[in-house]
Number of protein chains: 2
Amino acid sequence: MQDTSVSETAAVDAPAAAPTSHVVLSVDAMGGDLGPAAVVAGVAKVAQSMSDVQFLLHGRSLDLTRLVQRYKLEDRVTIRPCDGVVTMDDRPSQVMRHGEGTSMWSAIEAVRSGEATVVVSCGNTGALMALSVLRLRRLPGVNRPAIACLWPSRNPAGFNVMLDVGADVKAEANDLLQYALMGVSYARNGLDVARPRVGVMNVGTEEHKGRAELRQALDMISDVAEAGQFDCVGFVEGSDLPSDRVDVIVTDGFTGNVALKTGEGTARLVADMLRASYKATPLSRLAALVSLGVIRRLRKRMDPRRVNGGVFLGLNGTVVKSHGASDGTGVAAALELAVQLARSEFSTRLAARVAGAADAMAAAAAKAAAGTGK
Amino acid sequence: MQDTSVSETAAVDAPAAAPTSHVVLSVDAMGGDLGPAAVVAGVAKVAQSMSDVQFLLHGRSLDLTRLVQRYKLEDRVTIRPCDGVVTMDDRPSQVMRHGEGTSMWSAIEAVRSGEATVVVSCGNTGALMALSVLRLRRLPGVNRPAIACLWPSRNPAGFNVMLDVGADVKAEANDLLQYALMGVSYARNGLDVARPRVGVMNVGTEEHKGRAELRQALDMISDVAEAGQFDCVGFVEGSDLPSDRVDVIVTDGFTGNVALKTGEGTARLVADMLRASYKATPLSRLAALVSLGVIRRLRKRMDPRRVNGGVFLGLNGTVVKSHGASDGTGVAAALELAVQLARSEFSTRLAARVAGAADAMAAAAAKAAAGTGK
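Residues numbered from 1 in each chain as written. Chains lettered and ligands numbered in written order. Predicted model: local features only at pLDDT ≥ 70, side-chain atom pairs only at ≥ 80, totals over all residues. Heavy atoms only, no water.

An unreviewed UniProt entry annotates chain A as Phosphate acyltransferase originating from Phaeovulum vinaykumarii. Here chain A is described in UniProt, under the heading Pathway (unreviewed entry), as follows: "Lipid metabolism; phospholipid metabolism." (UniProt positions renumbered as here; feature names shortened; annotations may be inferred.)

What follows is the structure in structure tokens.
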């Protein structure tokens, strides 16, 4: 049965009109393992391939001026000088109290003030999340913001979406519902998946009394699926993360983070074993030479720099997190994702979707209470 | 400070005296996807390589008599005729009530009665766990039995141990402590790791208020490590599962099962991508031919049939679960593990370790309460 508030929301996901103004990205140049040089190298790549994107670059003036000159980006980049840097060891609570003046704080402020719609940073994830929640604040109706990651998959888009992978460590049924809605919006606008399929992560064993919130969440997600113009495929397991049967997988942040790290570790292990196997004998080293093209194709497919750090969903403004160790290519991938989300007016649509669904749930509950059924 | 009860226990882990009687394995021949033929093929392999092992084989008399004759195993195998079979769809609670007469029930009974020390089955995991707890009962001091799996790793033994991977879905701090003790005993006796290093699975984000039981568990595990003659390396992440810095990783069964399935799914994805990359061009197909040795070495290293279904820890008797889809090679691997555990008197040592540690914890708590410190 159609619920007008959610279907009106769904109509918001129709392709955006051609933008009349360029996209502005707010980029934190500091705090990554490879320093501002890697970030500016990434900016240079994207500046070259996308002529309508402008960059606000936050960080140490001396470093950035030199780098911007090297890449001849003066007409594409505006430097915002900041002396402070959030390091990987800084505690998020400390950064919330004393972080003003850091490049991370400044980069977030530019989105808060509306100068840009998306922040990109390679710095301390915990601090970035804490500052983003503090300064950008949650969207109406969002209880827990989430970090969503892209997982290599057999789907045409090449990736599935999983969330939460670390913004929090527990999730109630209502949080999982919100994750589903935010994930659907991300899959639509970030991956161009027209009708995303949502699954809730669970284990196969039956009759366990714990984790009742998963069944509850699944029911709630199924209830709004039609109105939200997505499909709910039911429970999925860890082995379904790369599956072509699902597009968005929702779970609590602890489980999601363990799954994310496990997948990364396993891919790395297989790659190491493959490399060791190739080195094992003279004949296999010859095989390696012949197989260079194969290995290159595989690495490109599984490239963690493309998968990268994640997107923060549920705040007033979009935050893209690049891996701390990202090089220029990795940063460029994060920036391209940020551009795509900015162009699709992702932030506005996500806000509308979440708000609309909250209304839909309330309306359905009211109807049920009034005894007219659903 | 030495605690005599646990160090006496640790002395139990010294190498066993040469066995005076052969090992008897109790094998459930039914319920796997490939039927009794795969199981008996596995039995035949192990019978050939290990002359002192005898097998009790439970299942449909007609099938088993034919298969035993085919492989000429009459002097190694005793058939226990059973008409009933637990299927993959049977609910554990139903099997607990009506499972008598099935091959799974019969196989467990042989361990309960002392005819054999280890059960091996490829059937319904939930039913196997439920029946095993019901008929074998928990060891004194064990609140939650656990399923432990072997994870391919960079360690000399080639594998790490993770538990729980699905016996339960939640774990308190005390359960994680018991998992650690059981995992240490398994690593010692199943993998010959002299001084296992234990880690508690956690996520890297700090200052999260949930999951306080993990900190508590880590403290408890650290407290008994010296007396238990193992090391505690602290928190580990999902990416540490294949690491050479740790041997035993403890977590709750929900997280463990998700990690296990995620790792399997990722390895499968990489293998599929590798295969696709090799097929992509005529040159790469040539490279595949040259690389056959490499691929074979890699598949052997990562062979899920070797990793297999898991071991149930914490019951009066050891239960080895082989993957439902195991072929003869997979079943043989499970049987070889079972033999190793039987030979090392694993069950007895694990019981002693757990009981000893419970005493040690109680003694330490009493001392702390009496104010004499630790």
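J.: Quick one: what's the story with the interface of chain A and chain B, residue by residue and with numbers?
T.: By a widespread convention, an interface's size corresponds to the accessible area lost as its parts come together. Each side of the interface is counted separately: chain A has 57 residues, and chain B has 57 residues. Interface area, chain A with chain B, both sides summed: about 5,100 Å², of which 68% is carbon and sulfur. In terms of surface lost to chain B, no three residues of chain A exceed Arg211(A), Phe254(A) and Met273(A), which account for 13% of the buried area on that side. Taken together, the connections running from chain A to chain B amount to 10 residue pairs in polar contact (both at pLDDT 80 or more). (Contact = heavy atoms within 4.5 Å. Buried area = accessible area lost by both parts, 1.4 Å probe. Polar contact = N/O pair within 3.5 Å; in protein donor to acceptor, adjacent residues only side chain to side chain.)

J.: Describe helix α7 (residues 173–191) of chain B, listing the residues and the values that go with them.
T.: All names here are of chain B. Across its 19 residues, α7 extends 26 Å between first and last C-alpha, which sits within 8% of the 27 Å expected from 1.5 Å per residue. The buried count for α7 comes to 18 of 19 residues, which makes it a mostly enclosed element. Looking one or two places after α7, you find Asp192, whose phi comes out positive at around 60 degrees. (Helix = DSSP H or I, 4+ residues; strand = E, 2+ residues; numbered from the N terminus. Expected span 1.5 Å × (residues − 1). Buried < 20%, exposed > 50% of the residue type's maximum accessible area, 1.4 Å probe, protein only.)

J.: How would you explain the sheet that holds strand β6 (residues 159–163) of chain B if you had to name every residue and give the values?
T.: All names here are of chain B. Across the sheet, which stays open at both edges, the 11 strands sit in the order β3-β2-β1-β4-β11-β10-β5-β6-β9-β7-β8 with mixed pairing between neighbours. Among the strands making up the open sheet, the edge pair consists of β3 (77–81) and β8 (231–236). Between one strand and the next, the sheet's axes are offset by a mean angle of 25 degrees, whatever the strand orientation. Looking at chain direction, strand β2 (residues 53–59) and β3 are connected through five bridges and run parallel. Pairing of Gly59 across the sheet is with Pro81, part of β3. The sheet contacts of helix α2 (residues 35–49) involve β1 (23–28), β2 and β3, and relative to β2 the element is tilted by about 170 degrees. Taken strand by strand, helix α13 (residues 328–343) contacts β1, β2, β4 (118–121), β10 (310–313) and β11 (318–321), and its axis lies near 140 degrees from that of β1. (Pairing = 2+ DSSP bridges. Axes fitted to C-alpha atoms, helices over the stretch in contact; angles between N-to-C directions.)

J.: Which residues make up the relation of the copies chain A and chain B, and what are the values?
T.: The operation linking the two copies of the chain is a rotation about an axis combined with a translation along the axis. The two copies are related by a screw operation: chain A maps onto chain B through 180 degrees of rotation and 0.0 Å of translation along the axis, at an RMSD of 0.1 Å. These values place the two chain copies in the arrangement generated by a two-fold rotation axis. Comparing interface residues between copies, 100% of those in chain A also lie at the interface in chain B; the contact surface is shared. (Least-squares fit on C-alpha atoms with pLDDT ≥ 70 in both.)

J.: Explain helix α6 (residues 125–136) of chain A residue by residue, including any values.
T.: The α-helix advances 3.6 residues per turn, and as a result positions three or four apart in sequence lie on the same side. All names here are of chain A. Taking 1.5 Å per residue, 12 residues should reach 16 Å; α6 reaches 16 Å between its end C-alpha atoms and fits that length. Of all the positions in α6, only Ala127, Leu128, Met129, Ala130, Leu131, Ser132, Val133 and Leu136 are classed as buried. Considering only its buried residues, α6 is in contact with α4 (92–98), α5 (103–112), β4 (118–121), β5 (146–152), β10 (310–313) and β11 (318–321). A side-chain oxygen of the first residue of α6 lies 3.1 Å from the backbone nitrogen of Gly126; this N-cap is Asn124. After α6 finishes, the residue Arg137 shows a positive phi value of roughly 65 degrees.

J.: I'd like a rundown of the sheet that holds β11(A), residues and numbers included.
T.: Residues and elements named next belong to chain A. If you walk across this open sheet you meet the 11 strands as β3-β2-β1-β4-β11-β10-β5-β6-β9-β7-β8, and the pairing is mixed. Two strands close off the open sheet at either side, each with one partner strand: β3 (77–81) and β8 (231–236). Across this sheet, the average inter-strand angle for adjacent strands is 25 degrees, counted without regard to direction. Note that strand β7 (residues 197–201) and strand β9 (residues 248–250) share three bridges and pair parallel. Among the inter-strand pairings, Val198 is bridged to a residue of β9, identified as Val248. On top of the sheet, helix α2 (residues 35–49) reaches β1 (23–28), β2 (53–59) and β3; it is set at about 170 degrees to β2, its chief contact.

J.: Pulling in residues and values, what's your account of the packing of helix α7 (residues 173–191) of chain A against helix α13 (residues 328–343) of chain A?
T.: Residue and element names in this part refer to chain A. The contact between α7 and α13 brings their axes to 8 Å, and the two run at 105 degrees. If you check the angle between α7 and α13, you find them roughly perpendicular. In contact with Tyr186, Asn189, Gly190 and Leu191 of α7, α13 contributes Leu337, Gln340 and Leu341. Class assignment for the residues of the contact of α7 with α13 results in four nonpolar, three polar and no charged. (Parallel < 35°, antiparallel > 145°, perpendicular 65-115°, else oblique. Nonpolar A, V, L, I, M, F, W, Y, C, P; charged D, E, K, R; others polar.)

J.: Before we move on, could you go through the pattern of salt bridges and cite the residues and values that matter?
T.: All told, the structure shown has 30 salt bridges over all chains when counted by the stated rule. Measuring nitrogen to oxygen at the nearest pair gives 3.1 Å for the salt bridge that ties Lys261(B) to Glu237(A). Placement of the pair is Lys261(B) in helix α9 (residues 253–279) and Glu237(A) in the loop between β8 and β9, with the two residues belonging to separate chains. For Lys261(B), a relative accessible area of 18% gives the class buried. Note that Glu226(B) is salt-bridged to Arg195(B), the shortest N-O span being 3.7 Å. Of this pair, Glu226(B) sits in helix α8 (residues 212–228) while Arg195(B) sits in the loop between α7 and β7 (197–201); the two residues are 31 residues apart in sequence, bridging distant segments of the chain. For Glu226(B), a relative accessible area of 49% corresponds to the partly exposed category. The class for Arg195(B) is partly exposed, based on a relative accessible area of 35%. Through salt bridges with shared partners, a single network forms among Glu109(A), Arg112(A) and Arg135(A). (Salt bridge = Lys/Arg side-chain N within 4 Å of Asp/Glu carboxyl O.)

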